[in-house]
Amino acid sequence: MSTLSIINVKKRYGPVEVLKGIDIDVKDGEFLILVGPSGCGKSTLLNMIAGLDTITSGEIAIGGRVVNDLSPKDRDIAMVFQSYALYPNMTVRNNISFGLKIRKIPKGKQEETVNRVAKLLQIEALLDRMPSQLSGGQRQRVAMGRALARDPALFLFDEPLSNLDAKLRVEMRAEIKLLHDRLGATIVYVTHDQIEAMTLGDRIAVMKGGEVHQLATPQEVYDDPADLFVAGFIGSPPMNLVRAPVAHKNGKVGVNLHDGGETFFLAAPDAVQNGLSAWNGSEVVVGIRPEQITDDLARGHERSDRIKRRAKVDVVHPTGPDTLVLIQLNDTPVTCRVHPETRVQSGDNADLMFDLSKLVFFDPDKETRIR
Amino acid sequence: MADTSQTQTAGPQWLGRAVLYALLVVFAVYYLMPLFVMITTSLKTLDDIRAGNLVALPEEISFAAWVKAWGTACTGVECNGLKGNFLNSVSFVVPAVIISTLVGAFNGYVLTMWRFRGSDVLFTLLLLGCFIPFQVILLPMAQTLGYLGIANSIPGLIFVHVVYGLAFTTLFFRNFYVTVPSDLTKAARIDGAGFFTIFWRIILPLSPAIIVVSVIWQFTQIWNDFLFGVVFSSGERQPITVALNNLVNTSTGIKEYNVDMSAAIIAGLPTLFVYVVAGKYFLRGLTAGAVKG
Amino acid sequence: MTTATSASGLDRPRKRFADYLETALPKIVLGPTLLIALFFIYGFIIWTGWLSFTDSRLLPRYELAGFVQYVTLFENERWWTALRNLGIFGGLFILVCLVVGLLLAILLDQRIRAEGILRAVYLYPMALSFIVTGTAWRWILNPGLGLQNLIRQMGFESFTFDWIVTPGMSIYTVVIAGAWQSTGFVMALFLAGLRGVDDAIIKAAQVDGASPTRIYTSIIIPSLRPVFFSALIILSHIAIKSFDLVMALTGGGPGFSSDLPATFMYTFAFNRNQIGLGAASAIIMLMTVVAIIVPLMYSETRRGHLGR
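## Overview of the overall build of chain B
Then step 1. Tallying secondary structure elements over chain B gives 14 helices and zero strands in all.
Then step 2. For chain B, the succession of helices and strands along the chain, N to C, is α-α-α-α-α-α-α-α-α-α-α-α-α-α.
Then step 3. For 293 residues, the compact-globule estimate of 2.2 N^0.38 gives 19 Å, and chain B exceeds it by more than 25% at 24 Å.
Then step 4. Over its C-alpha atoms, taken along the principal directions, chain B stretches across nearly 75 × 70 × 35 Å.
Then step 5. Looking at chain B as a whole, 58% of its 293 residues qualify as buried.

Structural data, given as structure tokens:
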């Protein structure tokens, strides 16, 4: 059973509290992502799970056993590093078998393991090379091989793909996912790349300032962000966040927006009608994803929760699959995602379709969701 | 750096290059001159020296001065040449170099890979130690060596040179190991390797170049040292630099410049040899020492 | 491995002795070095400082006697000579080394054929002991059969070059020999600095039409400022503790006219059995080093933080 429990874990360096009480439970075979901007404490947390950093208070348990007082070698973990951390003076084979050698595993078993891992990762041809003779992607594979050879209860990945170029990164991402499916291993994976987080994780822990802001599945985090930070961090291009006054219209609560000229009203989804009505008359932050402001071509026709409004286009960015259009709402630049065949030019007034079903609202001071 | 003279026109460029090379050669001659004078003088007879001049080649090559400097020249009351002192120097330089390099490597490893609270302060303290004029520790050290019972002995000299060489060797290894990614140590810890295993199996195999730098630096420093030698040893136990100085200053009879020069070359030969063989590493040591701030 | 139950009700294996040892090992290993650094450097400085406030002569005594030794020291004409000589030697030695070192580095930086050999030639004196250097130059500079004799034989009968035996001039021969030994090192530092100058900056200057001389004076040399500081720190350090060279070249003579503080300290502490006085002079030397090097290092590190 390879579970991981992080129970009210804190980390303090002198007077600075870098982790402020983290609680995460990882199920057997789960792929957990720790994501956040640099300095959010995600790497510190990973190092504490690994035993490379001490725990100030709280408990970390791996496989039902509290490991606070165990050194890294006794925690039954393996780790893949951002810099790969291959031993430069050893061949690929020795790199993979080093941990087994230290643990005094019999020679025959060592060889067997190395061969099995090499086959799995398709690095059999590289076994007798030195790390300096390998490309970045190959090094990455060897680093994973070293971790796999140990067959640990828990795999830790510390931004393993961030040193690779964009194309290779996509490939390796797919491979890690495949590997996870095949091995059913429990994985904790640190990244600052929200796309990696979305594509790889069973669940994502979004961290900032030493706290977990949201712990949920990728889709939940995307559709239902817990607060303003998560809303702005996950998604590319990010969610549009606009300050707007709360108003009533036709018996519904919503927000008023304007693009410099005419004001228009966006009604809130039914689920937040109650919550938002308490804010009537004051300002809130409304969040709307770029793909929820689109055009006829991309999204079909007007429905009850979709309204069409004209807005003045400032800038047009074709990206290939979509065209991003920048407009101004309440003096804030807002990105909209339209079909590439929609002909719009900067300065035009374009008809845009607003999908209201997924509007989210935030308290502008506390930055929390209004539900 | 770009060739800035490229932009000049053809004529002056030719002239400029000639002047440039002439200057360089003049300097080279100036730097080589003392070595040339030392070698030729050491191969002359005394008559030859008196009859000729500084830069004249020997009339006939004679190794008598070398033989005398090595075996029978007077270095004070004794007249046994430099051979005993040469061996003295070897016998304390070798252990002192090995010990200070090893300890320096270990210190550098700990200071970079196993930082703990206060380790940076400790390093700074040690670093500042590079800068003190050694005169300020001579008197207490003389006393301490007496208390320890190793005054005027080879172990005493080894001890002194190790103690005051540590700052430099630690600096060399620390500055090298900060360029080694700390993930390497972390990976090894997770693989189950301990403090010593990581040092022997992972870190030390990365270090041959810096070991050479440290060994050469320490060898040159300790072999060439005069201050500790003259203060902490006497008579037969003196290192070669002290003996050379005594030989030159021994004022019995006539001044034998050829013997002086032979003796000087003998004293300088080991470090010159190292310089010729491993000049690249010698330079690295010098510049590494230079960025100690 | 002993186990206990944790707050959360899970098994909590306790630390083993080996784990404690593992975490303590780095400190244990570094411990001796720490003690050495603290005791043999800082402890000894304090010890010497204490001695300088006693009236120790042949044997150290530890009853404090106030500033007697310092008063005696600064009433001693020989000490003043040593200090004056340090000023002359230090100033000239540093100046010559910096100027010649920079010149050689610039000359060598012009895509010279055989650069490696020339560099090796300029640098080899650095591998020699100051004692060897002193011995060689003592022979070259001796008026009887050395350089003076050589020039006279070349036809300049009245040529005189007898600084080494002339009081007041012998300190300049120390400068000659010292600079001969150390310029190569400064050259190497500057050359490394020149090679580190960003190519693009120089190309930009060439495109702007700057002459080679102009490029050196207004772009390259100013960018060598950190190298300049390193060289200055090291050279002043060498100058202040210079001892071997004087001993081998002039023995402090004629008389004590080429004494430096380092030779003064040695003579009084170890030959004349004036331990207290020797200690006082050593402390003044240390204070000189601190007074010169600390501001240099401070200004350089501060600049480093602001500049980059």
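## A word on the interface of chain C and chain B
Then step 1. The interface is formed by 96 residues belonging to chain C together with 90 residues belonging to chain B.
Then step 2. Interface area for chain C against chain B, summed over the two sides, is near 8600 Å², with a carbon-plus-sulfur share of 76%.
Then step 3. When residues of chain C are sorted by the area they lose upon contact with chain B, L30, Y124 and W139 of chain C head the list and together hold 8% of the total.
Then step 4. Applying the counting rule to chain C against chain B returns zero salt bridges.
Then step 5. At the junction of chain C with chain B, the criterion picks out 19 residue pairs in polar contact (both at pLDDT 80 or more).
Then step 6. Tallied by class, residues from the side of chain C that touches chain B come to 72 nonpolar, 14 polar and ten charged.

## With respect to the domain arrangement of chain C
Residues and elements named next belong to chain C.
Then step 1. In terms of domain boundaries, chain C breaks down into domain 1 (2-52) and domain 2 (68-303).
Then step 2. Computed over C-alpha atoms only, the centres of domain 1 and domain 2 are separated by 43 Å.
Then step 3. When the two sides are added together, the surface that domain 1 and domain 2 hide from each other amounts to roughly 470 Å², 78% of it contributed by carbon and sulfur.
Then step 4. Contact with domain 2 buries area across many residues of domain 1, yet T48, L51 and S52 alone supply 78% of it, more than any other trio.
Then step 5. At the junction of domain 1 and domain 2, the tally comes to zero salt bridges.
Then step 6. Split by residue class, the side of domain 1 that touches domain 2 holds two nonpolar, three polar and no charged.

## A few points about the sheet that holds strand β11 (residues 240-249) of chain A
Residue and element names in this part refer to chain A.
Then step 1. Across the sheet, which stays open at both edges, the six strands sit in the order β13-β12-β11-β14-β20-β21 with antiparallel pairing between neighbours. Every other strand in the sheet has two partners, leaving β13 (263-267) and β21 (369-370) as the edge strands with one partner each.
Then step 2. Of the strand pairs in this sheet, strand β14 (residues 283-288) and strand β20 (residues 360-362) are connected by three bridges, and their pairing is antiparallel. In the strand pairing of β20, G287 is matched with V360.

Rules used in this analysis
Residues numbered from 1 in each chain as written. Chains lettered and ligands numbered in written order. Predicted model: local features only at pLDDT ≥ 70, side-chain atom pairs only at ≥ 80, totals over all residues. Heavy atoms only, no water. Helix = DSSP H or I, 4+ residues; strand = E, 2+ residues; numbered from the N terminus. Rg over C-alpha atoms; globule rule 2.2 N^0.38 Å. Buried < 20%, exposed > 50% of the residue type's maximum accessible area, 1.4 Å probe, protein only. Contact = heavy atoms within 4.5 Å. Buried area = accessible area lost by both parts, 1.4 Å probe. Salt bridge = Lys/Arg side-chain N within 4 Å of Asp/Glu carboxyl O. Polar contact = N/O pair within 3.5 Å; in protein donor to acceptor, adjacent residues only side chain to side chain. Nonpolar A, V, L, I, M, F, W, Y, C, P; charged D, E, K, R; others polar. Domains from an automatic or database assignment. Pairing = 2+ DSSP bridges.

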